[in-house]
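Summary of structural features
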Amino acid sequence: MKYGVNNGSSDTDITNVNVTGNGKRDSVGVLIEEFDNTLTNMRLGNVFTGVVVKSDGNMLRNIHPLLYMNEAAKAEYEKTAGFYVFNPMNWFDYCYSDRYSTGFKTTGGGVFKNCFCWWYSDEEKTHLAFRSTGAFIGSIDTLVIGGKSHPEAENRFAPEDTQFFGAVSGVVNVLKDGTAVKVMG
């Protein structure tokens, strides 16, 4: 979504879409470059990065990027991300990062509610739900992370040195045996 006619606002509403990419290293399911967009009920498959959000004022609901473990993903798995958010003024509700090394990568935050990250393949390596290149400013409310084939040590919420400014609550890690461990909140 590019620059729009309303003072730059894209003002785009996208609902009920299935995107299948080419699986290459530069493939992105959705690229949002401007503001005031609403995305609802989307599945994004075979893309190296699910969603890239470069602007603010966007709302994403029920967005499900799914990483296919092809040659590009296997070669550079640690660089895959379900969501890459460059601006902390965006809202995410019931967004699901599926198999990506990093579920939500930010440059400083956002508002995340009822989101989850899941990993279930033996080909996958280290798993991280959130990575912020700066202090995380925003909120995380009810995040479930886990995977059926991985121990708790492989499924992590965030790097230990991440600074959180804002509310973080209800972060739960589901272990491979089906039990749940509360991580934060």
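Residues numbered from 1 in each chain as written. Predicted model: local features only at pLDDT ≥ 70, side-chain atom pairs only at ≥ 80, totals over all residues. Heavy atoms only, no water.

Structural notes on the environment of G82
As a reminder of what qualifies: Labels follow the DSSP assignment, with helices taken as runs of H or I lasting at least four residues and strands as runs of E lasting at least two, numbered in each case from the N terminus. Working definition: with a 1.4 Å probe on protein chains only, accessible area under 20% of the residue-type maximum means buried, over 50% means exposed, and in between means partly exposed.
Note on placement: G82 falls in strand β6 (residues 81-85). Judged by relative accessible area, G82 falls into the buried class, the value being 0%. For the pair G82 and L67, spaced 15 residues apart in sequence, the C-alpha to C-alpha distance is 7.9 Å.

Here we look at a negative patch on the surface
Defined as follows: Patches draw on residues past 30% relative accessible area with no salt bridge. Two like charges within 9 Å are joined, as are two nonpolar side chains (Val, Leu, Ile, Met, Phe, Trp, Tyr) within 5 Å. Methods summary: accessible areas were calculated by the Shrake-Rupley approach with a probe of 1.4 Å, and residue burial reflects only the protein chains presented. Take a side-chain nitrogen of Lys or Arg and a carboxyl oxygen of Asp or Glu: if they are within 4 Å of each other, that pair is a salt bridge. We score Asp and Glu as negative and Lys and Arg as positive, and we do not count His or the chain ends. Charged groups are reduced to one reference atom each: NZ for lysine, CZ for arginine, CG for aspartic acid, CD for glutamic acid.
A contiguous patch of negative charge, built from D11, D13, D36 and D56, is present on the exposed surface. Relative to the elements of secondary structure, D11 occurs in the segment before β1 (13-20).

Re the confidence of the model for the protein chain
Under the convention used in this document: Every residue carries a pLDDT, the predictor's confidence in it, which falls somewhere between 0 and 100.
For the protein chain, mean pLDDT is 85; residues scoring 70 or higher make up 81% of the total. Of all the helices and strands in the protein chain, strand β15 (residues 180-184) carries the lowest mean pLDDT, 63, while strand β5 (residues 59-66) carries the highest, 98.

Considering the nonpolar core
Spelled out, the test is: In these notes, a set of buried Ala, Val, Leu, Ile, Met, Phe, Trp, Tyr and Cys residues joined through side-chain atoms within 4.5 Å is what counts as a nonpolar core. We call two residues in contact when some of their heavy atoms are within 4.5 Å.
The biggest cluster of nonpolar side chains holds 34 residues, and the ones touching the most others in it are F130 and F157. The contacts of F130, once residues within four sequence positions are left out, are F104, F112, F136, I140, L143, F157, A158 and P159.

Here we look at unusual backbone geometry
Look at N41: it is not a glycine, yet its phi comes out positive at around 55°. When you line up the elements, N41 lands in strand β3 (residues 38-45). A positive phi angle, near 60°, is found at N114, a position not held by glycine. As for its placement among the helices and strands, N114 is situated in strand β10 (residues 109-118).

Thoughts on the sheet that holds strand β4 (residues 49-53)
Test applied: Two strands are said to pair when DSSP picks up at least two bridges between them.
In space, the six strands of this open sheet follow the order β2-β4-β6-β9-β11-β13, with parallel pairing throughout. Sheet topology places β2 (28-32) and β13 (155-156) at the edges, where each strand pairs with a single neighbour. Alignment of strand β11 (residues 127-132) against β13, held across two bridges, turns out to be parallel. Bridged to H127 within β13 is N155.

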